[in-house]
Amino acid sequence: MRAMSNSPSAPRTGFARIFAVAALPTELKVSFWIWFVGGILGLLGGLLGMLASLVLFAAAPGAATQVLLLMLLAASVGAAQIVFALAMKEGKHRARLGLTALTGITLVLALANGAMGVGQAGNWAAFLISLAATVLLWLPRSQAFFAAAGRRGNTSSE
């Protein structure tokens, strides 16, 4: 039987490994938590919105379909954020590119929301927070981390 240890040098496995960020530079720690927490909130918000849109089907099926699709998109973006954040933590360059692309998508959604005139300030706040997290991914210490991970062979998209 293996003894449990609270030692920081003890290898982390399973669920605890998701939250292990000690090896990351500070910039990537902050960026990871922004993306991870934002992804969880986006996923939960999308799922709850999908459930709420089911009630709308009784009154306005056309609008309910649009709301359902938008909530599915929100849940998908949230799930992508979580997956990319976890891969970014491992030093995968493609995850950093994916998170940067998600920031671009957030900008497009914020612009579309503003153009419709029915928008929420939350879309712009989400874009600005995503932008800050993205900038952290491309700072010099972050670049060095990804370069070192590439030399260790952690650049695959798996």
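Notes on the structure in this doc start here. Sequence order as written defines the numbering, with residues in each chain counted from 1. Local features in this predicted model are restricted to residues of pLDDT 70 or higher, and side-chain atom pairs are both shown and tallied only at a pLDDT of 80 or more, whereas totals for entire chains, interfaces and linings draw on every residue. No hydrogens and no water enter the side-chain calculation; it runs on all heavy atoms of the structure.

Time to look at a nonpolar patch on the surface. A patch consists of residues whose relative accessible area exceeds 30% and which take part in no salt bridge; residues with like charges are grouped when within 9 Å of each other, and nonpolar side chains (Val, Leu, Ile, Met, Phe, Trp, Tyr) when within 5 Å. The protein chains shown are the only cover counted for residues, whose accessible areas, like all others here, come from Shrake-Rupley with a 1.4 Å probe. We define a salt bridge as a side-chain nitrogen of Lys or Arg found within 4 Å of a carboxyl oxygen belonging to Asp or Glu. Among the surface-exposed residues, Phe19, Trp33, Val37 and Leu41 lie close enough to one another that they form a single nonpolar patch of about 350 Å² accessible area. The secondary structure listing takes helices from DSSP runs of H or I that are at least 4 residues long and strands from runs of E that are at least 2 residues long, numbered from the N terminus. Note that Val37 resides in helix α1 (residues 26-56).

This part is about the packing of α1 against helix α5 (residues 140-152). Packed helices, taken two at a time, are described by the angle between their axes plus the distance between the axes. Here an angle of 0 to 180 degrees is reported between the N-to-C directions of two axes, which are lines fitted to C-alpha atoms, with helices fitted over the stretch in contact. The geometry of α1 relative to α5 is characterised by a closest axis approach of 8 Å and an angle of 90° between their N-to-C directions. With respect to α5, the element α1 is oriented roughly perpendicular. Each of Thr26, Glu27 and Leu28 in α1 lies in contact with α5, whose residues at this interface are Arg141, Ser142, Phe145 and Phe146. Residues belonging to the contact of α1 with α5 are distributed by class as follows: three nonpolar, two polar and two charged. Each angle is binned into one of four classes, with values under 35 degrees roughly parallel, values over 145 roughly antiparallel, values of 65 to 115 roughly perpendicular, and all other values oblique. Residues are treated as being in contact if the distance between any of their heavy atoms lies within 4.5 Å. Three residue categories are used. Nonpolar comprises Ala, Val, Leu, Ile, Met, Phe, Trp, Tyr, Cys and Pro, charged comprises Asp, Glu, Lys and Arg, and polar comprises the others, including Gly.

This next bit is on the packing of α1 against helix α2 (residues 61-89). Between α1 and α2, the least distance of the axes is 7 Å, while the angle of their chain directions is 160°. One finds that α1 runs roughly antiparallel with respect to α2. As for how α1 packs across α2, the hand of that crossing is left-handed. Class assignment of the residues belonging to the contact of α1 with α2 gives a composition of 23 nonpolar, ten polar and one charged. Crossings are sorted by hand: turned counterclockwise from the far helix by less than a right angle, the near helix makes the crossing left-handed, and turned clockwise it makes it right-handed.

Here we come to the packing of aromatic side chains. Aromatic contacts are taken between Phe, Tyr and Trp rings whose centres are within 6.5 Å, Trp giving its six-membered ring; a plane angle under 30 degrees counts as stacked, one over 60 as edge-to-face, and the others as tilted. Counted by the stated rule, this structure contains five aromatic pairs. Residues Trp33 and Phe36 carry aromatic rings whose centres are separated by 6.0 Å and whose planes lie at 90° to one another, so their mutual orientation is edge-to-face. Placement of both Trp33 and Phe36 in helix α1 is noted, with a separation of three residues, approximately one turn of the helix. Residue burial is assigned from relative accessible area. The probe radius is 1.4 Å, only protein chains are included, and a residue is buried under 20% of its type maximum, exposed over 50%, and partly exposed in between. The exposure class of Trp33 is partly exposed, given its relative accessible area of 32%. The class for Phe36 is buried, based on a relative accessible area of 8%. Look at Trp124 and Phe127: their rings are 6.2 Å apart centre to centre, the planes differ by 85°, and that puts the pair in the edge-to-face class.

Using the criterion set out here, one finds one salt bridge in the structure. Salt-bridge contacts for Arg141 lead to Glu27; the nearest nitrogen and oxygen are separated by 3.7 Å. Placement of Arg141 in helix α5 and of Glu27 in helix α1 is noted, with a sequence separation of 114 residues between them. Arg141 sits in the partly exposed class, given a relative accessible area of 48%.

Given 3.6 residues per helical turn, the α-helix brings residues three or four places apart onto the same face. By definition here, a helix of n residues has an expected span of 1.5 Å times n minus one. If you check α5, its first and last C-alpha atoms are 18 Å apart, about what 13 residues at 1.5 Å a residue would give, namely 18 Å. Those residues of α5 not exposed but buried are Ser142, Phe145, Phe146 and Ala149. Across the axial projection of α5, the buried residues extend over an arc of 90°, all falling on one side. Across α5 from its buried face, at more than 90 degrees, point the exposed residues Pro140 and Arg151. Downstream of α5 by a residue or two, Gly153 has a phi angle that is positive, lying close to 90°. This arc describes the spread of directions from the helix axis toward the C-beta atoms.

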